[in-house]
Amino acid sequence: MSAYVIAHYDIHDFEMWSKYAQAVIPNIMAAGGKVLTATNEFETVEGQPQQVIVVVEFEDMVAAKTFYESASYQAIISLRTESTKGWLLIAPEFTLPTG
């Protein structure tokens, strides 16, 4: 069952964030991830969203956590956390309950 790394944030240091954006793609690809969206161009229908939304699909929760915890990702994570304000989570694919 697929799992998703989802991030939603505002950028306050574009130069630093740009370095992160360039470095993270090879990490995602090496971990078998697929970027479903990474954009600041979206239609708000409710609430007050942050500037950027990112959704990356992985094979399963183990693969998503392995990506996040990998030494190569941890080496660049500060480029994101120090240049943005927001959140990141890992969520499993929805499965309709049976019964």
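Residues numbered from 1 in each chain as written. Predicted model: local features only at pLDDT ≥ 70, side-chain atom pairs only at ≥ 80, totals over all residues. Heavy atoms only, no water.

Comments concerning the layout of surface pockets
For step 1, the next point in the chain: Counted as a void, the largest pocket has a volume near 250 Å³.
For step 2, the next point in the chain: Along the walls of the largest pocket sit 19 residues, with Tyr9, Tyr20, Val24, Ala38 and Val54 positioned nearest its centre.
For step 3, the next point in the chain: Looking at the lining of the largest pocket, the elements with two or more residues in it are β1 (3–11), α1 (14–30), β2 (34–39) and β3 (52–58).
For step 4, the next point in the chain: Element by element, the count of residues in the lining of the largest pocket is highest for α1, at six residues.
For step 5, the next point in the chain: For the lining of the largest pocket, a count of residues per class yields 17 nonpolar, one polar and one charged. (1 Å grid on protein atoms, 1.4 Å probe; cavity = no way out; pocket = protein on both sides within 12 Å on 5 of 7 lines; lining within 4 Å. Points joined across faces, edges and corners; volume = space filled by probe spheres on them. Helix = DSSP H or I, 4+ residues; strand = E, 2+ residues; numbered from the N terminus. Nonpolar A, V, L, I, M, F, W, Y, C, P; charged D, E, K, R; others polar.)

Overview of the sheet that holds β2
For step 1, the next point in the chain: Strands sit in the order β2-β3-β1-β4 across an open sheet of four strands; the sheet is antiparallel. The open sheet is flanked by β2 and β4 (84–92), the only strands paired with a single partner. In this sheet, neighbouring strand axes are inclined to one another by 10 degrees on average, regardless of whether the strands run parallel or antiparallel.
For step 2, the next point in the chain: Sheet topology note: the β1/β4 ladder contains nine bridges and is antiparallel. Within the sheet, the bridge partner assigned to Ala3 lies in β4 and is Pro92. (Pairing = 2+ DSSP bridges. Axes fitted to C-alpha atoms, helices over the stretch in contact; angles between N-to-C directions.)

Quick notes on the environment of Glu15
For step 1, the next point in the chain: Looking at the element boundaries, Glu15 is found in helix α1.
For step 2, the next point in the chain: In this structure the C-alpha to C-alpha distance between Glu15 and Ser83, which are 68 residues apart in sequence, comes to 8.3 Å.

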